[in-house]
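Coordinates in review
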Amino acid sequence: MTHTPIQVNTHHTKQRGDRATALVNYDLISRGYFTFLPTSENCDYDLIADTGILWRIQVKMVSRGNAIPSVTSWSDRSGSHRRKIDQTRFDMFAIVNEDCDRIAYCPPEMAGKVIRWEHPTSKQAYYWWA
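What comes next is a walk through the structure. Note that residues are indexed from 1 along each chain, following the sequence as it is written. Only residues with pLDDT of 70 or above have their local features reported here, since the model is predicted, and side-chain atom pairs are shown and tallied only from 80 upward, although totals for entire chains, interfaces and linings are computed over all residues. To get the side-chain values, take all heavy atoms of the structure and skip hydrogens and water.

Remarks on unusual backbone geometry
Residues other than glycine seldom take positive phi values, yet C100 does so here, at roughly 60°. Buried, partly exposed and exposed residues are distinguished by accessible area as a fraction of the type maximum, computed with a 1.4 Å probe on protein chains only: under 20%, between the cut-offs, and over 50%, respectively. On the basis of relative accessible area, C100 is assigned to the partly exposed category, the value being 24%.

And the structure:
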């Protein structure tokens, strides 16, 4: 019997999203919540958490110092596309830092805002993960 070699995922942005969603799913399960994953790639949220209330969660991985995305983008055979994220289509962001060791849960209204992973030294207003 001949085995076909396993194909490695080389789609970098998709892989980042899959990793972030898996981390958030693990975090929520570890906290004792039930989670549910949509079966469609076209869903406006990445998972649902049952905390007694069902929360539709949009997962995003951001680089240090980057803003929480306010637009979504994709490519298909017609080219590249962008559109503003519809904040009414989910209940919460789960923001994962690029090192995959911190998750911030925040409302959709934080789209476009910068979240800091380290305590900033300046006295300006900021949103800080804690």
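Quick look at the pairing of strand β6 (residues 92–97)
Comment: elements are numbered from the N terminus, with helices defined as DSSP H or I runs of at least four residues and strands as E runs of at least two. With six of its six residues buried, β6 lies for the most part within the structure. Residues of β6 alternate between two faces, with M92, A94 and V96 on one and F93, I95 and N97 on the opposite face, all of them buried. Pairing between strands is defined by DSSP: at least two bridges between them are needed. Summarising the sheet, strand β3 (residues 54–62) and β6 pair through six bridges and their orientation is parallel. Residue pairing across strands places V62 opposite N97, the latter belonging to β6. Sheet topology places β6 next to strand β7 (residues 103–106); four bridges connect them, and they run antiparallel. Opposite F93, over in β7, you have C106 as the bridge partner. From the end of β6 to the start of β7, which pair antiparallel, there are five residues, and C100 there has a positive phi angle of about 60°.

Section: the layout of surface pockets
When its volume is computed, the largest pocket comes out at roughly 1,400 Å³. Around the largest pocket sit 35 residues that line it, and D46, Q58, K60, T72 and S73 are the ones nearest its centre. Residue contributions to the lining of the largest pocket peak at eight residues, all from helix α1 (residues 12–30). A class-by-class count of the residues in the lining of the largest pocket yields 13 nonpolar, ten polar and twelve charged. Here a cavity denotes grid points, spaced 1 Å and computed from the protein atoms alone, that fit a 1.4 Å probe unable to get out, and a pocket denotes an open set having protein on both sides within 12 Å along at least 5 of 7 lines; residues with an atom within 4 Å of a point are the lining. Grid points are joined across faces, edges and corners, and a volume is the space filled by probe spheres set on the points. Asp, Glu, Lys and Arg are counted as charged, while Ala, Val, Leu, Ile, Met, Phe, Trp, Tyr, Cys and Pro are counted as nonpolar; the rest, among them Gly, fall into the polar class.

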